[in-house]
Structure formats: C-alpha cells, structure tokens
Amino acid sequence: MRPAAARDRLLAMLPALLAALAYTALSVQQWRRFDFPSWDLGIFSSLASAYARGSAPIVPIKGDDFNLLGDHFHPILVLLGPVWALFPSPLTLMVLQALLLAASAVPLTRLAIDRLGRTIGLMAGFVYVFSFGLQSAHIVQFHEIAFAVPLLALSLTAYLRHRMMTAAIWAGLLVFVKEDLGLTVTVLGLIIAVRALMDARELQERSAEAGRRTNTVKQLALSFGSDADIAARRDFTIGAGLTLWGVFWFLLSTLLILPALNPQGQFDYTDNIGSALDVFGPPIKWATVGLLILATGVVGLRSPLVLLALPTLAWRMTGNVEHYWGWTWHYSAVLMPIAFAALLDALPKVARFADRLRSSSPAWAHRIPRWVLQPRAAAFPLGLAALATVITGAAGPTLPVLQLAEPDRWSVSEQAQQAREAMAALPPGTQVASDISTLAPLTVDHQVQWLHGPNQRAPYCALVDQWVLNQSPAEQQVWLDDRWNTVFEQRFSNDRYSVWCQQSAPQGWERPAPASRPQSDR
C-alpha cells in the first residue's frame with residue numbers, strides 16, 4: 001500500500017475514534033446517573049441475557065412469556081448473546097452501540113477523502129458521525145438499528161465505488177435487523193437495476209456513434225460482446241435479485257413470522273399506521289423533512305440514493321405515534337448514512353453540471369466561478385448538513401455531545417444512589433416488577449417485568465418508584481395486593497423507592513433482616 005493511501009486510511013478513522021469516545025462517555029454518564037429515557041434498554045438487555053443462556057428471547061417486560069421476535073424481526077441480535085456472556089451489563093449494549101455508530105463513519109469518511117481531499121473529507125466525516133440522527137439515537141440508548149447504520153454505510157459506500165455485489169451483500173443483511181428495512185433493501189435493488197439499464201443505454205449510444213448499432217437496450221444488456229456488456233448484465237441481475245430479496249423478507253416477516261411469534265397472533269404495529277393524508281401535518285413533520293434535506297447538503301437531492309429514505313419516512317409520517325414525527329429518538333439514525341451517501345454521490349454531478357454550463361453558449365454561464373468545480377466547493381453543502389445538527393440543538397433538547405461539558409452530569413445522582421440501595425434489598429435471581437427507572441440495571445441478575453405492564457404472573461418482589469406511583473405506603477400495598485391477588489410486605493424504603501416482596505420466600509432463599517434508610521432533608 002502506498003504511504004499516502006495508508007495515511008488516508010488512518011485519517012478516515014479519526015472521526016470514528018473521537019465519536020466512539022464521545023458516545024461511550026455519554027453512555028457512562030447515563031449509566032452512573034441511572035438516566036434511562038425508556039424501557040427499551042431493559043428490553044434489549046433481557047433479550048441479550050436470554051440469548052447468552054442459549055434460550056429464546058423471552059422478555060417479560062413486554063408481557064408473560066413474550067417472545068421479542070414477535071415484536072420486531074431482528075434475528076441479527078442473536079450476536080448480542082456472546083457479548084452479554086462476556087460482559088453482562090446493559091452498559092455493554094450502550095457501549096456496543098457507540099462503537100457501531102462510530103464505525104459507520106469509517107467507510108464514508110474514506111470515500112469522502114478520496115473524492116474531496118483530506119481536509120474537506122475529514123470535515124465531512126465529522127459532520128456525518130455527529131449528525132443529529134446519530135446523536136439522537138445514541139442518547140436514547142440501545143436499539144436494533146445500531147446494526148443497520150454501519151451496514152448501510154458499507155453498502156452505500158460500495159455502491160458509490162461501483163462494487164454492486166459488495167453493496168448487495170451488505171444491504172441484504174439489513175432484512176435481519178428490522179422488518180421495515182426489507183423495503184429499503186428493495187429500493188436499493190431497484191436503484192442498482194435501473195443504473196445498470198442506464199449504463200447499458202449509454203454503452204449503446206457510444207456503440208452507435210462508433211458504427212456498432214444494437215436494436216434495444218435489452219439486447220445489449222444480454223449480450224456478451226464486451227466487458228461493459230457483461231458488467232451491465234451482471235449489475236442488473238444483482239439489482240433484480242436484491243429487489244426480490246427485500247420484498248421476500250418484508251412479506252415473510254410481517255405476514256408470517258411476526259404474527260406466528262406474537263402472543264396476539266398479529267403484527268403489533270399495523271395499527272400505528274394512519275392515512276396517507278396524515279403526512280401533511282402537524283408542522284413538526286415538515287420540520288423533520290426539512291432537516292433531512294439539509295442533512296443531504298440540499299445537493300444530495302440530485303442523487304437517486306435519497307429514494308432510500310422513502311420507506312422509513314412513509315411509515316414515520318403516516319404513523320399516529322408522535323415520537324415518529326420529530327428528530328429526537330432513534331428513528332432518523334438509518335437516514336443519516338443515506339443522506340451523507342447521497343451528498344457524496346451528488347457533488348461530482350453538480351461539478352460536472354457547472355462545467356457543462358461554463359462550456360455552453362449562454363453568457364451568464366461563464367460567470368460561474370471556477371472554485372465551484374473544485375473539491376473545496378463541497379464545504380458549502382457540508383455546512384448545510386452541519387447546520388441541520390445545529391438547528392436541532394437550538395430547537396431542543398441540548399445536543400447530547402454538549403452534555404459532556406456539563407460538570408453536574410458526571411456526578412452520581414441522588415436518584416442513582418437511592419436506586420442502588422433499593423436494588424440491594426432484592427433477593428438475587430428472583431422475578432421483579434419495576435418501574436422504568438430501574439428496569440435495565442435489574443436485568444443483570446433478575447427476571448424483570450414492567451410494574452405497569454400486562455403481566456398476569458405475580459412477581460416475587462416489586463421495586464416501586466414512588467415518584468411514579470405517587471401513593472402512600474398503605475396505598476402501595478393495597479395496589480400491589482389487588483394488582484396480583486397476593487400479599488406483599490414492605491422490605492425497604494427511602495425517599496424515592498420502596499421494595500415490596502411476597503410474604504413467602506422463594507425456595508433456597510434466606511430472608512435478610514428488613515432494611516431501611518433514614519429520610520433525607522430534601
């Protein structure tokens with residue numbers, strides 16, 4: 001390898017390295033403070049724990065005997081089993097997501113350096129890896145789409161390097177990340193197939209100019225007269241095959257696999273989709289689309305790769321769940337490599353278009369400055385892409401990476417201290433019902449269910465977040481007794497949490513003395 005190429009490879013890793021450190025630090029911050037925005041980390045931790053034991057992904061947080069493969073189709077998450085076996089902690093999943101999101105920047109940054117030079121290419125890598133979609137995804141902790149982001153980056157980079165088989169292989173794995181990504185794979189297959197036909201048509205036109213005419217594009221694509229002919233036919237076959245692959249797995253997962261494994265015998269998210277007319281409001285939907293356009297640098301709209309965003313945007317903007325519509329949460333993460341790849345695809349086309357204009361007869365075209373034709377011109381659309389992230393930070397909430405500079409977020413919160421005290425009062429290995437604030441940490445050595453979930457099976461203990469239930473101890477006991485038709489007694493209490501367990505101890509467990517903690521002055 002040439003020294004210059006080796007340096008470029010190392011430079012391409014710089015944005016990924018810094019992002020991995022920043023995102024890992026954010027994870028540590030959240031873990032120390034018991035900052036869990038939803039039950040999702042607890043759900044995926046329970047899944048990883050099940051896979052580590054070699055069992056089906058039964059996750060009581062979603063309901064009694066609930067198989068998580070009946071919720072979303074994500075068999076790729078079986079890879080979490082060995083990781084959890086080595087490092088059994090929800091923090092492991094948070095760090096793993098940090099590494100996966102950061103790693104997605106490597107192939108895209110390398111491509112940007114190759115096309116735009118080292119300085120602008122590196123800037124592009126930083127704009128991508130700290131884009132609003134990736135930051136928002138990481139701050140809400142682990143989700144299956146953490147695997148989709150690097151797969152998309154690898155696939156689209158291969159596509160832009162004209163390595164269609166490699167692009168298809170990476171994209172083909174997306175169907176095992178989440179069921180709706182089968183539609184994204186389908187669109188990419190169509191793009192590859194259409195591109196192959198366009199290449200064949202261009203070859204036909206060149207052949208005609210040289211006096212070697214063919215009757216139809218189809219005849220040319222099926223001929224074996226030249227390497228270009230063979231490449232066009234091969235790419236068309238790859239694109240067609242990828243299209244069928246995506247359609248097959250989307251239909252199989254949504255119509256057969258998910259209903260078969262779901263306790264209700266259905267695909268749970270069908271009711272979340274509304275009318276096509278719902279895309280026109282409320283205004284936050286338009287704001288999100290506007291931010292995504294900025295993320296492409298605007299010029300990215302010239303690339304056919306932007307069509308890959310349509311399946312995701314379709315279910316989000318027609319959905320009746322408010323979290324789908326905005327730029328927070330993890331729903332825009334898979335759109336970031338698409339937007340960035342579209343930008344990289346469009347920049348050379350814009351430069352060629354400007355060059356053709358300068359060479360044309362209209363007088364105004366000659367006023368186009370020559371710097372537009374240079375790689376440094378990419379700084380402007382990259383600035384627009386960075387602006388999208390700045391806008392989301394200004395509109396709120398604060399950009400996650402900026403939280404690293406807040407000293408208060410590095411301290412262990414009072415809530416975390418009280419949660420750990422309450423958890424210490426629980427007998428290990430038992431079934432525990434908990435509120436969201438302690439679901440994930442409890443998955444390490446307990447079977448966990450959500451305190452307010454649909455479970456009919458009574459837990460042995462309940463860890464109550466008193467700020468959520470907002471009841472007196474006597475009212476809590478009545479609520480728990482009625483909820484599961486059994487008798488609970490209080491084992492522990494502090495300002496924030498209380499622990500209640502059934503009066504009969506599980507087999508093999510010796511009950512400790514009741515624990516308590518003096519009330520604070522807060």
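Quick caveat, the model's predicted, so the values are computed rather than measured.

### Some remarks on the nonpolar core
Among the nonpolar cores identified, the biggest contains 130 residues, and Leu-77, Leu-80, Tyr-128, Phe-142, Phe-147, Leu-305 and Leu-463 are the most heavily contacted of them. With twelve residues, the single largest contributor to this core is helix H8 (residues 145-160). With residues near it in sequence (within four places) discarded, Leu-77 still touches Phe-44, Leu-47, Tyr-51, Phe-142, Glu-144 and Phe-147. Membership of the second largest hydrophobic core comes to nine residues, among which are Leu-451, Val-464, Trp-484 and Trp-500.

### Details of the side chain of Thr-312
Here Thr-312 shows up in helix H14 (residues 310-317). Those residues in contact with Thr-312 that lie beyond four places of it in its chain are Asp-180, Thr-184, Tyr-331, Val-334 and Leu-335.

### Details of helix H5 (residues 105-116)
Here H5 is twelve residues long and its end C-alpha atoms lie 15 Å apart, about the 16 Å a rise of 1.5 Å per residue gives. Of the residues making up H5, those classed as buried are Ala-105, Pro-107, Leu-108, Thr-109, Leu-111, Ala-112, Ile-113 and Leu-116. Remark: Gly-117 follows H5 within two positions and exhibits a positive phi of approximately 95 degrees.

### Some words on the pattern of salt bridges
Under the counting rule described, the total for this entry stands at nine salt bridges. Ionic pairing is found between Arg-118 and Asp-8, a salt bridge with its closest N-O pair at 2.7 Å. Of this pair, Arg-118 sits in helix H6 (residues 118-129) while Asp-8 sits in helix H1 (residues 3-33), and the two are 110 residues apart along the sequence. Looking at Asp-8, the relative accessible area reads 17%, which means it is buried. Asp-71 is paired through a salt bridge with Lys-62; the nearest N and O atoms lie 3.4 Å apart.

### Topic: the packing of aromatic side chains
Within the structure shown, the criterion is met by 17 aromatic pairs. Arranged with centres 5.1 Å apart and planes meeting at 90 degrees, the rings of Trp-315 and Tyr-324 form a pair that is edge-to-face. You'll find Trp-315 and Tyr-324 in the same group, each marked buried. Judged by centre distance (6.3 Å) and plane angle (55 degrees), the rings of Trp-484 and Phe-488 are tilted. Pair check on accessibility: Trp-484 and Phe-488 agree, each one buried. Clustering of aromatic rings is evident, with ring pairs tying together Phe-73, Phe-176, Trp-245, Phe-248 and Trp-249. We note Lys-62 situated over the ring of Phe-66; from NZ or CZ to the ring centre the distance is 5.6 Å.

### Considerations on the packing of H1 against H5
Contact geometry for H1 and H5: axes closest at 8 Å, N-to-C directions at 130 degrees. One element, H1, and the other, H5, form an angle in the oblique class. In the packing of H1 onto H5, the handedness of the crossing is right-handed. Here Asp-8, Arg-9, Leu-11, Ala-12, Met-13, Pro-15 and Ala-16 of H1 lie close against H5, whose contacting residues are Ala-105, Val-106, Thr-109, Arg-110 and Ile-113.

### Regarding the state of the cysteines
One way to say it: the disulfide is the covalent bond shared by the sulfur atoms of two cysteines. Within the structure shown, the criterion is met by one disulfide. With its sulfur 2.0 Å from that of its partner, Cys-461 forms a disulfide with Cys-501. Because the sign of the S-S torsion sets the handedness, a value of about 105 degrees for the bond joining Cys-461 and Cys-501 places this disulfide among the right-handed ones. Highlighted residues: Cys-461 in strand S3 (residues 461-465) and Cys-501 in strand S5 (residues 497-502), separated in sequence by 40 residues. Both residues of the pair, Cys-461 and Cys-501, count as buried.

Basis of the calculations
- Residues numbered from 1 in each chain as written.
- Predicted model: local features only at pLDDT ≥ 70, side-chain atom pairs only at ≥ 80, totals over all residues.
- Heavy atoms only, no water.
- Core = buried A, V, L, I, M, F, W, Y, C linked by side-chain atoms within 4.5 Å.
- Buried < 20%, exposed > 50% of the residue type's maximum accessible area, 1.4 Å probe, protein only.
- Helix = DSSP H or I, 4+ residues; strand = E, 2+ residues; numbered from the N terminus.
- Contact = heavy atoms within 4.5 Å.
- Expected span 1.5 Å × (residues − 1).
- Salt bridge = Lys/Arg side-chain N within 4 Å of Asp/Glu carboxyl O.
- Phe/Tyr/Trp six-rings, centres within 6.5 Å; stacked < 30°, edge-to-face > 60°.
- Lys NZ or Arg CZ within 6 Å of the ring centre and 35° of its normal.
- Axes fitted to C-alpha atoms, helices over the stretch in contact; angles between N-to-C directions.
- Parallel < 35°, antiparallel > 145°, perpendicular 65-115°, else oblique.
- Left-handed = near helix turned anticlockwise from the far one by under 90°.
- Disulfide = S-S within 2.5 Å.

That's the geometry; what it means functionally is another story.
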